[in-house]
Amino acid sequence: MANPQKGEVSFEALGKTFTMRLGTNARALVEGKTGVSWTSLMKRPEAEWRERDAIIIMWAALYQHHKLTEEEVGDLIDEVGSEEVSRLLLKAFGIANPPEVARGTADPRRRRRRSGTGTA
């Protein structure tokens, strides 16, 4: 079961439940596989995206929970459909990077106070 507090998103395919997360480790895996920074990849125009980019991002997002091969992820994308995969990845990215974080305006102290963790 996905935990949205951790940036996880679940979906059903091939008779199984898959959970993905685009956290720091997943983004580092993408950078390692593509040789391109996460920021540069996200700024690429749509016309410059390759099928391999989608496979690698989905592979990295699933890796923590499923340890699939890239070929298995390609088959999974075929099963789910490209549009649904895009929707799921955007959702995972949005959960992992709320607008205030993406804009760089988040105040971590405020987050600690709300969650009840950290020191007063």
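Starting afresh in each chain, residues are numbered from 1 along the sequence in its written order. Local features in this predicted model are restricted to residues of pLDDT 70 or higher, and side-chain atom pairs are both shown and tallied only at a pLDDT of 80 or more, whereas totals for entire chains, interfaces and linings draw on every residue. Remark: hydrogens and water are excluded; side-chain values derive from all non-hydrogen atoms of the structure.

Draft legend 1. Just the overall build of the chain, in detail. Note on conventions: DSSP H or I runs of at least 4 residues are helices, E runs of at least 2 residues are strands, and numbering of each starts at the N terminus. Check the secondary structure of the chain and you find seven helices and two strands. Along the chain direction, N to C, the helices and strands of the chain fall in the order β-β-α-α-α-α-α-α-α. Classification of residues uses two cut-offs on accessible area relative to the type maximum, computed with a 1.4 Å probe and protein chains only: under 20% is buried, over 50% is exposed, and between them is partly exposed. Buried residues in the chain amount to 32% of all 120 residues. Here, Shrake-Rupley sampling with a 1.4 Å probe gives the accessible areas, and only protein chains in the shown set may cover a residue. Accessible area for the chain stands at about 8,100 Å²; split by element, carbon and sulfur atoms hold 49% of it.

Draft legend 2. Molecular detail of the environment of Arg44. Of note, Arg44 is situated in the loop between α2 (38-43) and α3 (51-66). At a separation of 2.8 Å, a polar atom in the side chain of Arg44 contacts the side chain of Asp53. N or O atoms within 3.5 Å of each other form a polar contact, as long as, within protein, one can give a hydrogen and the other can take it, and as long as residues adjacent in sequence are counted only when both atoms are side-chain atoms.

Draft legend 3. Structural context of the nonpolar core. Grouped together as the largest cluster of nonpolar side chains are 25 residues, with contacts concentrated most on Phe11, Met20, Leu22, Met58, Leu62 and Leu89. Broken down by secondary-structure element, the contributors of at least two residues to this core are β1 (8-13), β2 (16-21), α1 (24-34), α2, α3, α4 (70-80) and α5 (82-96). Those residues within four positions of Met20 in sequence are excluded, and the remaining contacts are Gly7, Glu8, Val9, Phe11, Met58, Ala61, Leu62, Leu88, Leu89 and Ala92. The nonpolar core is taken to be a set of buried Ala, Val, Leu, Ile, Met, Phe, Trp, Tyr and Cys residues, with the residues joined through side-chain atoms within 4.5 Å. Residue contacts follow a heavy-atom distance rule, with two residues in contact if any of their heavy atoms lie within 4.5 Å.

Draft legend 4. Spatial organisation of the pattern of salt bridges. We count a salt bridge whenever a side-chain nitrogen from Lys or Arg sits within 4 Å of a carboxyl oxygen from Asp or Glu. Taken as a whole and judged by the stated rule, the model has five salt bridges. The shortest N-O distance in the salt bridge between Arg44 and Asp53 comes to 2.8 Å. In this structure, Glu70 engages Arg52 in a salt bridge whose closest nitrogen and oxygen atoms are separated by 2.5 Å. One end of the pair, Glu70, is in helix α4; the other, Arg52, is in helix α3, and 18 residues separate them in sequence. Residue classification places Arg52 among the partly exposed residues on the basis of a relative accessible area of 41%.

Draft legend 5. Examining the environment of Trp49 more closely. Looking at the element boundaries, Trp49 is found in the loop between α2 and α3. Here Trp49 falls in the partly exposed class, since its relative accessible area comes to 29%. Apart from residues no more than four positions distant in its own chain, Trp49 is found in contact with Leu41, Met42, Arg44 and Ile57. Within the structure, Trp49 has its side chain in polar contact with the backbone oxygen of Arg44 (distance 3.3 Å).

Draft legend 6. Region of interest: α3. In a regular helix each residue adds 1.5 Å, so 16 residues correspond to 22 Å; α3 covers 21 Å between its end C-alpha atoms and thus fits that length. What we call the bend at a residue is the angle made by axes fitted to the seven residues finishing there and the seven residues starting there. The sharpest bend along α3 comes to roughly 30°, located at Ala60. Asp53, Ile56, Ile57, Met58, Trp59, Ala60, Ala61 and Leu62 are the residues of α3 that are buried. Where α3 is buried, its residues contact β1, β2, α1, α2, α4 and α5. Of the residues trailing α3, Lys67 is marked for its positive phi of about 50°. Under the convention used throughout, the expected extent of a helix is 1.5 Å for every residue step, that is, one less than its residue count.

Draft legend 7. Region of interest: the pairing of β1. At least two DSSP bridges between two strands are needed for those strands to be called paired. Bridge count between β1 and β2: six bridges; the pairing is antiparallel. The residue of β2 that forms the bridge with Phe11 is Phe18.

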